[in-house]
Each structure stands twice: as C-alpha cells, then as structure tokens.
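One letter stands for each residue in the lines below.
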Amino acid sequence: MNSGHQHRVFGRRAQEHILILASGDKVRHMTVRPWMAALAFSFIGVFSIGYLLATSYLVLRDDLIGATMARQARMQHDYEDRIAALRAQVDRITSRQLLDQQVVEDKVDKLMKQQMALTSRHGKLDNLLDRAESSGLTEKDGALPAPTSPVQSYAPDAKDKRASLNRSGIEAIEKQLASGAPADATPDNSTLAYVPATDTVGDRADRIFSKVTLSLKDVEQDQRSRVEQLTSDAGNAANAIETVLTRFKIPMPETAARKNDDDAVGGPYVEPESNDGFNNSLAALDGALTRLEAVRSTAESLPFRNPAIGKDVTSPFGNRRDPFLGRLALHSGIDFRFSPGERIRPTAPGKVISAGWTGGYGNMVEIDHGNGISTRYGHMSEVLVKVGDTVDRNDVIGLAGSTGRSTGTHLHYEVRQDGHAVDPVYFMNAGLKLATYIK
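Enquirer: Account for the overall build of the chain, with residues named and values stated.
Expert: Across its full length, the chain holds 6 helices and 16 strands. The burial tally for the chain puts 31% of its 439 residues in the buried class. A sequence separation of at least 24 residues applies to 67% of the contacts in the chain between residues at least 6 apart.

Right, here's the structure in full:
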C-alpha cells in the first residue's frame, strides 16, 4: 500500500484537482492545492470589500465633506462666542477695577482733607496747650490726643494720591483688599453670563476707609471734649481770680483791654474763614485763656504772698501800745522776726519808688506794683536797690536790721492801696486762695 500520495476516506482516495493549460504544442498542468484555493478566495474577498468601500466613499464624499465643514463651522462659532464672552468678562472686570480705583482715590482724598484739617488743628492746639500749661490748667503731655494713631497710620502724601498712605497703611489696606476671593475670569461654556461678586474691592476699601474716618471722628470728638473741658476750667479759674481782685477793688484787665482795643479799630466786614464747630471751640478756648492770662498776670503782679514764710509775727496790723511812747498808736504793718543781715525779697514784682532812710522806717524800700498798690519794707540794715529799679520776686532788695524806730532786728512790712495802709493779712489770705492759680 502506498501512503505518500494517497489518503483513504471510507476506503477511497481523495482526488487531486489538476489545472491543465495548453498553448500550441505545449501543455502544462498544475496541481491545485486546498490552501491555494483558500488564498485565492481571501484575496478576491478583500479586493471586493475595498472596491465597495471606495465606491461608497466616492458616492458619499460630498455629504461627508459638507458634514465635516458644518461641524468645523459650529466649533468656530462656539469658540468665537466664548472669546466674545471672555472679552466682555474682562471688560467688566476692568471697568469694576477702574471704579474701585476711583472709589479708593476718592476715599484717599477725603482722608487727606481730614488729615490736613487735623494737622492744622494740632498746630493750633499746641499753642493753646502751651498757654494752658503755663496757666497751670493741665500738663501738656497727655492733655489732648494728638491726631497720629489713625491719622499717621494713614498719613497722606500729596505727591501721589494712590501712594498717599504710609507703608504700614498701604500694607494694611492691601491685605484687606487681597483677602477676598478673586473673580473667575475663565468661566466654562455652560455659564458665560456675568455674575457680580458678592464683595468687591471697592466695598472692602469703603469699609476700611469708613473705619479710618470713624477713628478720626473719635479723635476729633475727644479733642473737642478736652478743649471744652479746658475752656470750662480756664473760665472757672478766671472767675475765681476775678472774685479776689474784685474784693480788693482791682479793675478787671479784660474790661480795660476791651476799652482800649475799641478806641482805634476798624475795617471792612469779611465773613469768617470757617464756621466749623471745632474752630469755634478753639476760639472759645483762646478767649478763655486770654482772659485767664490777663487776670492771672494782674494777680501775680500784686502782693498776695507772704514776705517772711516761716517767720514769727512780733506785732500785727492795727492799734497797739507804742513801744517808745507807751500810748495807743496805729501799727500800719506787720512785724516779722528776722536775723541780722538776713535777705529780704519783695512779695511781687514792681518798680522801686523809694529806697533809703525814711524817718521812723529807717532804711526802707517802697515798691509800686500798679493798680494803686505798693509795699514797704522797713528797718533794714542795708538797702541793695535804688529808685527806678525794676525788681522781681526773687530779687534781694536789702538786708534785715534794726534801723529807725525799732527795738530789735525785724522786718516791718506794709501794704498800701491808694496811699492808705491796709492789713497785709487780707492780701496773704487771698494769696492762699490763689495759690493754685498763680506761681
């Protein structure tokens, strides 16, 4: 049995297919294998499918190209719409930033004006506080709050409005302005409509400047209340001094000054520079201090002080038995016990109108203090001033002694008003009441 080219199926051999090709006298044959047939059918199938696809493409090409172009046009329109929406969003954001910047600049302008006003007021207050301090009403340190806590934190610089805050103020405001969430500049395609921010930069800046403005107003109100208190204190002090001066029939300097000022004044009427309440309060304080200074100066020029503090009184003012004649006589002053050669100082500033030996006074100095009041210092061992000299309270006018009608070393002190001797105790008691108002 030959098994190389035969195959039995149910007892038969499979017949091989032979392809015979004849050309003239030549005859060729080829055996067709099963795999060759499968390969031929596969090639024919692939070719047919490709042919059908190519034919379909050629037939449907115009529709496909049209659909592709329409899709591209729609995509282009969508992008253009999105770009237009984004541009509108950017324009709105830019406009809002410009408006916010304008709001900030307007607020800075207002702060600059308030700062300038407070600076001007502070300059006026310095002068008034110096005067109040010299009048003994208050100490300058801490008397009035200087406008520097919120004002200096936001001190304006006229060179640039946007740079009109100092560094600390700029950092504080920038921190406040940057604290909010930034607006979304690239919204998605589903939400292209503009939605305004709930809290804009302008709103935050407005709140910040409102706080600063309120702080400045608080400072101004505190200053005004302090100024009003000083005005009241100055008025009360002037009234107390005037009461004492009136008791001694001393003319009020304010009345005399007003009478003299009204003698030669004039000019066209011009409206006041400002009707601001604070300026009015400053004017009231200035008037009260002027009045206090006038009456205080008058009181300080009069002999309200004790010429011999801590010294014993050997003989008071009034009728007494004369030590030389032994009969009743008027003692026109007060005698104070002194040690020989001890320094004697006047009880008030004035001008020396008598200096030297004067009868029973011995070596005596008389000082004119104005307003018809003078003082005399008698029985001195030595006179150290001359007629015409101007002396102050701390000047030494002589040395204690026992010249003239004297039984021992002492100071004879007299106070004369309009040429008549008055009890010096009245003046010294008044000086105790005025001790808090005069130096």
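Enquirer: Pulling in residues and values, what's your account of the nonpolar core?
Expert: Ranked by internal contacts, the top residues of the largest apolar core, which has 48 residues, are Leu245, Phe304, Ile344 and Ile397. Look past the residues within four positions of phenylalanine 304 in its chain and what remains in contact with it is Val244, Leu245, Phe248, Ala299, Phe427, Met428, Ala430, Gly431 and Leu434.

Enquirer: A description of a nonpolar patch on the surface should follow, citing residues and the corresponding values.
Expert: Together, Phe43, Ile44, Phe47, Tyr51 and Leu52 make up a nonpolar patch on the protein surface, roughly 630 Å² of accessible area in all. Following the sequence through the fold, tyrosine 51 ends up in helix 1 (residues 34-134). Given a relative accessible area of 55%, tyrosine 51 falls into the exposed group.

Enquirer: Requested: an account of unusual backbone geometry, with residues and values cited.
Expert: The general pattern is negative phi for most residues beyond glycine and trans for most peptide bonds. You will see that lysine 249, though not glycine, has its phi angle at about 60°, which is positive. Structurally, lysine 249 is set in the loop between helix 3 (201-247) and helix 4 (253-261). Note on lysine 249: relative accessible area 73%, which makes it exposed. One non-glycine residue, histidine 379, adopts positive backbone phi at about 65°. Relative to the elements of secondary structure, histidine 379 occurs in strand 12 (residues 373-383).

Enquirer: Could you give me a rundown of the pattern of salt bridges, with the residues and numbers involved?
Expert: Overall, the coordinates contain 9 salt bridges when judged by the stated rule. For glutamate 242, the salt bridge is made with arginine 291, and the minimal N-O distance between the two is 3.0 Å. You can see glutamate 242 sitting in helix 3 and its partner arginine 291 sitting in helix 5 (residues 277-300), a full 49 residues away along the chain. Residue class for arginine 291 comes out buried when judged on its relative accessible area of 18%.

Cut-off values and rules
- Residues numbered from 1 in each chain as written.
- Predicted model: local features only at pLDDT ≥ 70, side-chain atom pairs only at ≥ 80, totals over all residues.
- Heavy atoms only, no water.
- Helix = DSSP H or I, 4+ residues; strand = E, 2+ residues; numbered from the N terminus.
- Buried < 20%, exposed > 50% of the residue type's maximum accessible area, 1.4 Å probe, protein only.
- Contact = heavy atoms within 4.5 Å.
- Core = buried A, V, L, I, M, F, W, Y, C linked by side-chain atoms within 4.5 Å.
- Patch = residues over 30% accessible without salt bridge, like charges linked within 9 Å, V, L, I, M, F, W, Y side chains within 5 Å.
- Areas by Shrake-Rupley, 256 points an atom, 1.4 Å probe, with all protein chains shown as cover.
- Salt bridge = Lys/Arg side-chain N within 4 Å of Asp/Glu carboxyl O.

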